[in-house]
Amino acid sequence: MRRWDNQAMNIGLIAGEYPPMQGGLGDFTRELARTMAILGHSVHILAPVTSQASSHETLNGVHVHRVVQRWGWHTHRAVLDFVRAHQIEVLNLQYQAAAYQMHPAINLLPRNKIRGVPLVVTFHDLRVPYLFPKAGPLRWQAILHMARSAAAAIVTNPEDEMTLREAGVQRVVRIPIGSNITPAYSNSFDANMWRRAHAIPSDCTLIGYFGFMNESKGGETLVRALATLRQAGQNVAVVQIGGQTGASDPTNIAYMKQLNQLAQSLGVQAHIYATGFLDDRGVSEAFAACACLALPYRDGVSFRRGTLMAALVHGCVIITTTPRVALPEVQHGINLWLVPPDAPEQLADGIGQVLQNDETRLQLRQGALALSQQFGWEQIAAKTINALKSTTHE
């Protein structure tokens, strides 16, 4: 039995996407790895090849190996070589189906012994992989097989924990995610100058939307709410903050086209602006330029959402959707303003109420900052390290 209670570990993180690729899973892995390194561990990341960065580099004490040409049936060999080359003692696979091109090979990885090294899977969501046409229930079975075969399953939210436990998965650990964006705007920030730089009129009230245009995030609901607000005579506009489609999920591109068509049909396309990809400071400035953020997740607000975490740590006024599973930390009107999912009229009404009340906005800003204190990276990394260590005791 190996024990590492008071020792630094040689940790291997497997990431289907990694910066400079755009995507929340990659950003999460970067922040987790940085903090693990600060805590004294040696961290190696196995990531995809990209023309935008070198194949091997060390950043902030983290060793990044961008050597995977494509995730598929050769993934096991790539992981085996990675473990052998860097003397990895424990593996942590960051899982989201789209980040691995929806390929099922990654779901089978935990069943293969990687030179006796335990493999822990962090499920960023429970979206099923593509197997073959009409695979049906087999797709969910691929997720369950992965969770049951892993040395442990880490989930980021109570909903996914409940789902896996009810399915009979024994070793489930819940660890929240944190913000991938560090607040970085200057005290001299000029909102009017920012608007001019982005060709946004100075007289409209800005509603921010942060994150990729993914069907689960309720973009259609926001576009319809914008149309409702403007028809009611409110001079509001939406600004889409950051990249719009990301690097991993091709369905985002098709969905973005649908949203553009919807906006055009409702006559609001001229009142929707997009910043394009931004660095941390750019995101912080965009948040500061908005009166509120609308995050109308179709499956309800959840602590698995990096977009939510970024908004909280910036103290944004957030209008979002009622959680699918009750979250005691979420308080309507205190730290978040909640409306039902897939309800454009209610979203428009919620935005209108918040914009009309200075005291409500102040309360929501303070409440968001207070809630964000529960999701610090040092806490997240320490809990993850403990989960990894527990598997090396066996």
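Before any of the text, the structure's been laid out above.
Summary of the structure given here. Because the structure is a prediction, the values reported are computed rather than measured.

1. Quick look at the environment of P296
Here's step 1: Within the secondary structure, P296 sits in the loop between β12 (292-295) and α10 (306-313).
Here's step 2: Measuring from C-alpha to C-alpha, the distance between P296 and A151 comes to 35 Å, with 145 residues separating the pair along the chain.
Here's step 3: When sequence neighbours within four positions are dropped, the list of residues in contact with P296 reads Y209, K217, G218, T221, L222, T321 and L347.

2. Things to note about the nonpolar core
Here's step 1: Of all hydrophobic cores here, the largest spans 98 residues; its most connected members are L91, F123, L164 and I241.
Here's step 2: With sequence-adjacent residues up to four places away left out, I241 is seen in contact with G208, Y209, F210, G211, T275, L278, V283, A286, F287, C290 and L293.

3. Notes on the sheet that holds strand β5 (residues 90-95)
Here's step 1: Taken in spatial order, the eight strands line up as β3-β4-β2-β1-β5-β6-β7-β8 in an open sheet, and their pairing is mixed. The open sheet has two edge strands with one neighbour each: β3 (56-59) and β8 (172-174). This sheet shows a mean twist of 25° between the axes of neighbouring strands, independent of strand direction.
Here's step 2: Direction of pairing for β3 relative to strand β4 (residues 62-68): antiparallel, over a ladder of four bridges. The residue bridging L59 from the neighbouring strand is V62, located in β4.
Here's step 3: Contacts between helix α4 (residues 137-149) and the sheet are confined to β5, β6 (119-123) and β7 (152-155), with β6 contributing the most and set at about 135° to the helix.

4. Quick look at unusual backbone geometry
Here's step 1: Each neighbour pair has its own omega, and for P19 with P20 the value is 15°, a cis peptide bond.
Here's step 2: Along the chain, P20 falls in the loop between β1 (10-15) and α1 (24-38).
Here's step 3: In this structure, M102 is a non-glycine residue whose phi angle is positive, near 60°.

Scoring rules and cut-offs
Residues numbered from 1 in each chain as written. Predicted model: local features only at pLDDT ≥ 70, side-chain atom pairs only at ≥ 80, totals over all residues. Heavy atoms only, no water. Helix = DSSP H or I, 4+ residues; strand = E, 2+ residues; numbered from the N terminus. Contact = heavy atoms within 4.5 Å. Core = buried A, V, L, I, M, F, W, Y, C linked by side-chain atoms within 4.5 Å. Buried < 20%, exposed > 50% of the residue type's maximum accessible area, 1.4 Å probe, protein only. Pairing = 2+ DSSP bridges. Axes fitted to C-alpha atoms, helices over the stretch in contact; angles between N-to-C directions.

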